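Report on the structure
Single-letter residue listing:
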Amino acid sequence: SPTALACQPVPPDPLPRSLVPMKATSGELPLGEPWRYEVKWDGMRALVFVDDGSVRVQSSNERDVTASWPELAGLAAALPVGAALLDGELVATDAQGRPSFGRLQQRMHLTRPADVAAKAAEVPVTYVVFDLLHLDGTDLMGLPLAERRRLLDQVLDPGPRWQRSPLH
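Now for a description of the structure that goes with this document. None of the values given here were measured: they were computed from a predicted structure.

**Focus: the overall build of the protein**
Assigned secondary structure in the protein consists of 4 helices and 6 strands. Seen through its C-alpha atoms, the protein measures out along the principal axes to roughly 75 × 45 × 25 Å. Considering the protein as a whole, with its 168 residues, one finds that 38% of them fall into the buried category. For the protein, restricting intrachain contacts to residue pairs at least 6 apart in sequence, the fraction spanning at least 24 positions comes to 65%. Working note: accessible area of the protein is about 10,000 Å², and carbon and sulfur atoms make up 57% of it. Averaged over its 17 positive side-chain charges, the protein has a centre that lies 6 Å from the centre of its 21 negative ones.

Right, dumping it as structure tokens:
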């Protein structure tokens, strides 16, 4: 008689609690397919962890900076998923709409709610998302960027303070 194999469902990968994002390095840029490039946004790299309706913002040095960026709280309701890990850049713009790190610095280390609210009204930021690293129990980091971007396009619509980075 044939042997029956017992199949266990694969448990989901838990959303990481922390992650250090990859940093750009200098060097010669290859040209043509399949290479893609991101705009240099001149902002602050940030990972956004969305989990069961809550949003946590982490800086590139693994500090929880959620209190400084309350305008991202709406991301949880905007995503039609239970858990996600987004990689992107917090960007403030000047009067001409150009990214300005100097303006962003006015917000970077504020944590008192009254200070954050006052400065947020004066210096709004946009979270420019360029990657989706984890989605509803699945670690996506082993997938090609094109596949992660396809998934990001499916789950993240532009919002009042976030957008997807255009690919070049």
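Let's pick the thread back up.
**Some words on unusual backbone geometry**
Not every positive phi belongs to a glycine, and Asp42 is a case in point at roughly 55 degrees. With respect to the helices and strands, the residue Asp42 is situated in the segment before β1 (44-51). Since its relative accessible area comes to 33%, Asp42 is described here as partly exposed. In the Ramachandran plot, Asp136 falls in the positive-phi region, its phi being about 40 degrees despite a non-glycine side chain. Inspection of the secondary structure puts Asp136 in the loop between β4 (126-135) and β5 (138-139). Overall, the relative accessible area of 44% leaves Asp136 in the partly exposed class.

**Digging into the pairing of strand β2 (residues 54-59)**
Burial analysis of β2 places 5 of its 6 residues in the buried class, the great majority of the element. Relative to β2, β1 runs antiparallel, the two being bridged by 6 bridges. Bridge pairing in β2 places Val50 opposite Val55. The loop that links β1 with its antiparallel partner β2 comprises 2 residues; one of these, Asp52, has a positive phi angle of about 45 degrees.

**Let's talk about the packing of aromatic side chains**
Counted under the stated rule, the structure contains 0 aromatic pairs. The cationic tip of Arg56 hangs over the ring face of Phe49; the distance from NZ or CZ to the ring centre is 4.0 Å.

About the criteria used
- The numbers attached to residues start from 1 for each chain and follow its sequence in the written order.
- Predicted model: local features are reported for residues with pLDDT of at least 70 only, side-chain atom pairs are reported and counted for 80 or more only, and whole-chain, interface and lining totals are derived from all residues.
- The side-chain figures draw on all heavy atoms in the structure; neither hydrogens nor water molecules are used.
- Counting from the N terminus, the helices are the DSSP runs of H or I reaching at least four residues and the strands are the DSSP runs of E reaching at least two.
- Each residue's exposure class comes from its accessible area (1.4 Å probe, protein chains only) as a fraction of the maximum for that residue type: buried when under 20%, exposed when over 50%, partly exposed otherwise.
- Contacts are residue-level and defined by heavy atoms, with any inter-residue pair within 4.5 Å sufficient.
- Accessible areas in this description were obtained via Shrake-Rupley with a 1.4 Å probe; residue shielding takes into account the shown protein chains only.
- A positive count includes Lys and Arg, and a negative count includes Asp and Glu. His and the chain ends are not counted in either.
- Charged side chains are reduced to one point each, which is NZ for Lys, CZ for Arg, CG for Asp and CD for Glu.
- In this description, strands pair whenever DSSP reports at least two bridges between them.
- The criterion for an aromatic pair is that two Phe, Tyr or Trp rings (for Trp, the six-membered ring) have centres within 6.5 Å, with stacked assigned to planes under 30 degrees apart, edge-to-face to planes over 60 apart and tilted to the rest.
- Here, a charge over a ring means that NZ of Lys or CZ of Arg falls within 6 Å of the ring centre while also lying within 35 degrees of the ring normal.

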